[in-house]
Structure formats: structure tokens, C-alpha cells
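Understanding the architecture of this molecule
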Amino acid sequence: MKQSDRQEFMELITDVLAFYKQDVSDFAISVWWQACQNFEMEQVRKALTAHAMCPDRGQFSPKPADLVRALQGTHTDRALLAWNKAYQAISQFGAYNGCDLGDPASHAAIQSMGGWVKFCQSEVDELPFLQKRFCDFYRTYTTRGVQDAPQRLIGISETENAAKGLMKPKTV
């Protein structure tokens, strides 16, 4: 959302909380604003409507965390989606190619596990353990933030070419 959406957003939150017979404070509005700033106004409106209509949760007033969970997923959801993307990259590209998953948390998780080459060379019977470790690291990095994630993951061919003074191959 943009700063210009703030007034409309405040009115929306005030109306939603009035629906649940709750008062709104300046602090509550500021927390809601911070939680929803990364989303579009229409996404927020739809998520609040969906919450109100949900048979499991709709009878309770929504909290900012409910909206973030609905729009972004939990840390576990995102970790599993990131694992799926990393696993597809292993299958498609393998250890020889460098890889950019487009996600600093995924890069940091794989680096913490020994790097791209080691990650790719895991045995098939190790995959459930590899997945669990990846998801644990991923959740940690998305919760606490990523400090030193590599821009891309380096494959065998890039390492070998660098040692021989050759051009590095294209990252996939």
C-alpha cells in the first residue's frame, strides 16, 4: 500500500473491528498498518472479507497476524514452497551448474548446509532429512533476516573454470 491509502485503510480496519464490536486505538491502527503495508489495498480487503466468512475463524475478530498468514502464508508454508523450488533446481540443473533461486533465505539455507554442490550430491534416501534441515534453516533466515547470503549458488563447473582461469559458466 501507499501512504495515500492510509486513510482508506484506517476506515476499513475501523469498520471491520466495529463489525466485531471492538474499539480501535491509534496503536492498533499503527500495528495493522505495519502488518499490511506490503500488500495491496484490494488484497487486504479480500482477506478481511474471507476471514469474516471463514467458518473456523470468522466468529472471532481478526488480528494482524491472521491477515499476514492469509496473504503470505506461515513460515512453514513458505519453507515448504522454497524446498520445492530448490528440489526442482537440483533435478533440473544439478551440481555442475550454478543456480540462482531468487531468494536470499534459500541461498543462505543451502550455504549453511555446505553449499550447492553438497546439497545436490545428497543421496536419495537422505532427502527427508535434507528437506527438514533446509526448512529449519529457511524458517530461521526468514524469521531473523538474512545477513550474508550469496547472490547465487556456485556449481562445480564454475569452481573448476575459475581454478583454470576460464570464463565462468552462465548461472541458471
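To keep things clear, this report deals only with the structure shown in the data block. (Residues numbered from 1 in each chain as written. Predicted model: local features only at pLDDT ≥ 70, side-chain atom pairs only at ≥ 80, totals over all residues. Heavy atoms only, no water.)

**Examining unusual backbone geometry**
One non-glycine residue, Lys21, lies in the positive phi region at around 60°. If you trace the backbone, Lys21 turns up in the loop between helix H1 (6–19) and helix H2 (26–36). Using a relative accessible area of 78% as the deciding quantity, one classes Lys21 as exposed. (Helix = DSSP H or I, 4+ residues; strand = E, 2+ residues; numbered from the N terminus. Buried < 20%, exposed > 50% of the residue type's maximum accessible area, 1.4 Å probe, protein only.)

**Overview of helix H8 (residues 127–144)**
Between its first and last C-alpha, H8 extends 25 Å over 18 residues, near the 26 Å set by a 1.5 Å rise per residue. Where H8 is concerned, the buried positions are Leu127, Leu130, Phe134, Cys135 and Tyr138. Burial along H8 is one-sided: seen end-on, the buried residues are contained in an arc of 130°. Those residues of H8 that are exposed and angled more than 90 degrees off the buried face are Pro128, Phe129, Lys132, Thr143 and Arg144. (Expected span 1.5 Å × (residues − 1). Arc of directions from axis to C-beta.)

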